[in-house]
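Commentary on secondary and tertiary structure
Below, each chain spelled out in residue letters.
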Amino acid sequence: MKSTQYSEKTLDHFRNPRNVGTLEGDDVAIGRVGNPVCGDLMEMYIQVVDDRIADIRFQTFGCGSAVATSSMTTELVKGMTLDEALGVTRGNVADALDGLPPVKMHCSNLAADALHDAIKNWRSGKKLNPLTAEEVAGV
Ligand code: FES
């Protein structure tokens, strides 16, 4: 793949992202990461039922590749056990999108890392609050 070429699947998930938004409730955990390369930000919300991801949403203040990889990540892991979801890597997500331009691979870290952070927070009982608009503006 050329360094600037996007697959049709990536473009589709960028244009029509799945599972955008937030979730609330006692069975919801939030994961959050920032991208040290570009400063962009990602949040993943998981609803956990019987140790499985019953529902998932994301919000990103990132680029098109971050949107596409997040969208694909949510589709891949919905219904998985937490352990299965922990095994999903950015490489799996990029493969599912039929590849990402090499210069954009760092963007795909955000989705997998935020997902893993949400699972870690669920297991430790750590509750994050959704970011406020002011916090987002300050990132
Ligand atoms: Fe920041 Fe892609 S350039 S997430």
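Reading the values: the criteria
Residues numbered from 1 in each chain as written. Predicted model: local features only at pLDDT ≥ 70, side-chain atom pairs only at ≥ 80, totals over all residues. Heavy atoms only, no water. Helix = DSSP H or I, 4+ residues; strand = E, 2+ residues; numbered from the N terminus. Rg over C-alpha atoms; globule rule 2.2 N^0.38 Å. Buried < 20%, exposed > 50% of the residue type's maximum accessible area, 1.4 Å probe, protein only. Areas by Shrake-Rupley, 256 points an atom, 1.4 Å probe, with all protein chains shown as cover. Lys, Arg positive; Asp, Glu negative; His and termini not counted. Charge placed at Lys NZ, Arg CZ, Asp CG, Glu CD. Expected span 1.5 Å × (residues − 1). Contact = heavy atoms within 4.5 Å. pLDDT = per-residue confidence, 0-100. Salt bridge = Lys/Arg side-chain N within 4 Å of Asp/Glu carboxyl O.

This part covers the overall build of the protein chain. For the protein chain, the count of helices and strands is six helices and three strands. Secondary structure elements of the protein chain, listed N to C terminal, follow the sequence α-β-β-β-α-α-α-α-α. Here the protein chain has a C-alpha radius of gyration of 14 Å; the compact-globule value for 139 residues is 14 Å, and the two agree. For the protein chain, the spread of C-alpha atoms along the three principal axes comes to 45 × 35 × 25 Å. Relative to its full complement of 139 residues, the protein chain shows a buried share of 41%. Carbon and sulfur atoms provide 50% of the accessible area of the protein chain, an area that totals close to 6900 Å². Of the side chains in the protein chain, 14 bear a positive and 19 a negative charge, and the two mean positions are spaced by 5 Å.

Here we come to helix α2 (residues 64-77). With 14 residues, α2 should cover 20 Å at 1.5 Å per step; its first-to-last C-alpha distance of 20 Å lies within 8% of that length. Summarising burial for α2: 11 of the 14 residues are buried, a large majority. Taken together, the buried positions of α2 are S65, A66, V67, A68, T69, S70, S71, M72, T73, T74 and V77. Buried residues along α2 sit in contact with α1 (8-15), β2 (41-49), β3 (52-61), α3 (82-86), α4 (90-96) and α5 (105-124). One or two residues past the end of α2 sits G79, with phi positive at roughly 95°.

In this section: the confidence of the model for the protein chain. On average, residues of the protein chain score 91 in pLDDT, and 94% of them reach the 70 mark or higher. α3 holds the highest mean pLDDT among the elements of the protein chain, 98, whereas helix α6 (residues 133-138) holds the lowest, 70.

Here the structure, examined in full by the defined rule, presents seven salt bridges. For R18, the salt bridge goes to D12, with nearest N and O atoms at 2.9 Å. Owing to a relative accessible area of 24%, R18 belongs among the partly exposed residues under this scheme. Between E43 and R32 there is a salt bridge, with the nearest N and O atoms lying 2.7 Å from each other. Placement of the pair is E43 in strand β2 and R32 in strand β1 (residues 28-34), with a sequence separation of 11 residues. Linked through salt bridges whose partners overlap, the residues forming this network are D55, R57 and K78.

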